Amino acid sequence: MDEFVAAVVQLRIRLPQDREELEQHLVRFVRLAQTKRARLLVFPQFTGLMAAALVVKGRGAGLLKQADRARRSNASFWTRTQAKLAGGAAGVLGADFGRALEGTLLQQPDLLWESYASLFSDIARYHGMVVVAGTGYLADPSDRAVRHVAGVFGPDGSLLGAQSAVTLAHDEHPMVEAAPTWQAIQTPLGRLGVLIGSDMLYPEAGRILAYGGAEMLVGLGATAEAVQYHRQRLGLLARAEDNQVYGALSFAVGYNPFTSGDAEPYLGRSLIAAPASMTPRYSGVMVEMGTDSTEGLITAEWSFRSLHEQWQRDHAPLRSRMPLEHTGPTLAAIYGRRLALEPALEANAALAALPEPSAPTAGDTAPAVAGETEPSTSVDEIEERP
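Read on for an overview of the structure. (Residues numbered from 1 in each chain as written. Predicted model: local features only at pLDDT ≥ 70, side-chain atom pairs only at ≥ 80, totals over all residues. Heavy atoms only, no water.)

### Section: the overall build of the chain
- Looking only at helices and strands, the chain features twelve helices and twelve strands.
- Residues counted as buried form 47% of the 386 residues belonging to the chain.
- Long-range contacts, defined here as pairs at least 24 residues apart, represent 71% of the contacts in the chain between residues at least 6 apart.
- Counting only carbon and sulfur atoms, one obtains 54% of the accessible surface of the chain, whose full area is about 19,400 Å². (Helix = DSSP H or I, 4+ residues; strand = E, 2+ residues; numbered from the N terminus. Buried < 20%, exposed > 50% of the residue type's maximum accessible area, 1.4 Å probe, protein only. Contact = heavy atoms within 4.5 Å. Areas by Shrake-Rupley, 256 points an atom, 1.4 Å probe, with all protein chains shown as cover.)

Have a look at this one:
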């Protein structure tokens, strides 16, 4: 499709009591997107955990749901009082949502996936949109491994594809596995790539997706740290500019319902992006939420015809004439070592510090044998030395 409206939801994460409550929480944004004629709808990181909350069992999870109700502005005095007590009890018991979720993932992974997929499949089908459903901890449909997964659903309700986080957060559970790579997902609107959390920070992620044909990069975020919010924002804008594609970034906002204590709230200003040359003041931002703490929805029209025309007339041919004759061999050699930047520099420094072999003197060197060479020292050998 050459032109369509993309919509991004900025959302508070809740622990609903039942599916009807969750549908009401989400569908108000879907209906608003419909009034804007949106064909693509993006939900933020951890939206899928709200669907998981419908099937996660255990006293601790129940207490957290009650505590979640206390924080809502429309809760009655009695509800707030009960929920405040429940939140305190959850803290005393050491109960958290993650522990209950872990048990359900181990015992009933199919139940979790069904709760997630059926909810967003119904939303996509009923409203005729492509929906990026936000993330949850689920059994990856590709190989059943537990991952941090985002599903993409088509207007007919079918699962078009799923992308899991490749770079995991430092505090994610040991049972959560990283995805092997990023893959562009074919949709009726075009090919898109999904970047979850810290995945947005790496140029390689956007480039792999662009080589896979993605013309849209969708970032999903949920962070309580201002520095991480700004890094993810700048990362998504850079990935869109690096590859001359459209971008959408959806953030979760408000209190964190997965903790029983007074954790810092999620924050972020969701945005819709395009190459800098196609945006006002060359900022790369088409539209952006006005605050980093309230819910809302933003929309913008994407035109692939305009995007492709920009590729052709761009004076800086970022897609058509990359300096691959210089960068290709160098990066292939560097990346082939499978070392991050700091370990690679340390290995190079260790190699440079090795003493130069002394020059042989007459009488103490055996005659060279044809074809014999001195053994080389590899990076791996350097790293293994005590």
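### Some words on a nonpolar patch on the surface
- Where nonpolar side chains cluster on the molecular surface, the patch consists of Leu 331, Ile 334 and Tyr 335 and spans about 270 Å² of accessible area.
- You can see Tyr 335 is positioned in helix 10 (residues 324–336). (Patch = residues over 30% accessible without salt bridge, like charges linked within 9 Å, V, L, I, M, F, W, Y side chains within 5 Å. Salt bridge = Lys/Arg side-chain N within 4 Å of Asp/Glu carboxyl O.)

### Focus on the packing of helix 7 (residues 203–211) against helix 8 (residues 226–243)
- Relative orientation of the contacting elements helix 7 and helix 8 amounts to 45°, with a least axis distance of 9 Å. When the interaxial angle is binned, helix 7 and helix 8 end up oblique. Crossing geometry of helix 7 relative to helix 8 is assigned as right-handed. Of the residues in helix 8, those touching helix 7 at Pro 203, Gly 206, Arg 207 and Ala 210 are Arg 239, Asp 242 and Asn 243.
- Considered class by class, the residues forming the contact of helix 7 with helix 8 number two nonpolar, two polar and three charged. (Axes fitted to C-alpha atoms, helices over the stretch in contact; angles between N-to-C directions. Parallel < 35°, antiparallel > 145°, perpendicular 65-115°, else oblique. Left-handed = near helix turned anticlockwise from the far one by under 90°. Nonpolar A, V, L, I, M, F, W, Y, C, P; charged D, E, K, R; others polar.)

### Considering the pattern of salt bridges
- Under the definition given, this model contains 13 salt bridges.
- For Asp 140, the salt bridge identified is with Arg 147, shortest N-O distance 3.2 Å.
- Classification of Asp 140 as buried rests on a relative accessible area of 8%.

### Focus: helix 7
- Here helix 7 has its buried residues at Ala 205, Gly 206, Leu 209 and Ala 210. All buried residues of helix 7 lie within an arc of 130° about the axis, which places them on one face of the element.
- Taken together, the buried residues of helix 7 touch strand 7 (190–196), strand 8 (216–221) and helix 8.
- Looking at the residues trailing helix 7, positive phi occurs at Gly 213, about 95°. (Arc of directions from axis to C-beta.)

### Topic: the packing of helix 1 (residues 19–35) against helix 6 (residues 109–127)
- Relative to each other, helix 1 and helix 6 sit at 35°, their axes nearing to 11 Å. In this structure, the crossing between helix 1 and helix 6 has a hand that is right-handed. Listed contacts from helix 6 to Arg 19, Leu 22, Glu 23, Leu 26, Val 27, Val 30, Arg 31 and Gln 34 of helix 1 are Ser 118, Leu 119, Phe 120, Asp 122, Ile 123 and His 127.
- Its residues assigned to classes, the contact of helix 1 with helix 6 comprises seven nonpolar, three polar and four charged.

### Focus: the side chain of Thr 47
- When you line up the elements, Thr 47 lands in helix 2 (residues 47–52).
- For Thr 47, the side chain forms a polar contact with the main-chain oxygen of Pro 44, separated by 2.7 Å.
- Setting aside its immediate chain neighbours within four residues, Thr 47 contacts Leu 11, Ile 13, Leu 26, Phe 120, Ala 133, Gly 134 and Thr 135. (Polar contact = N/O pair within 3.5 Å; in protein donor to acceptor, adjacent residues only side chain to side chain.)

### Focus on empty space enclosed by the protein
- Applying the stated criterion across every chain, the model contains one cavity of 30 Å³ or more.
- Approximately 40 Å³ is the volume found for the largest cavity.
- As for the largest cavity, its lining consists of Gln 244, Gln 310, Trp 311, Asp 314, Ala 316, Pro 317, Leu 318, Arg 319 and Ser 320. (1 Å grid on protein atoms, 1.4 Å probe; cavity = no way out; pocket = protein on both sides within 12 Å on 5 of 7 lines; lining within 4 Å. Points joined across faces, edges and corners; volume = space filled by probe spheres on them.)

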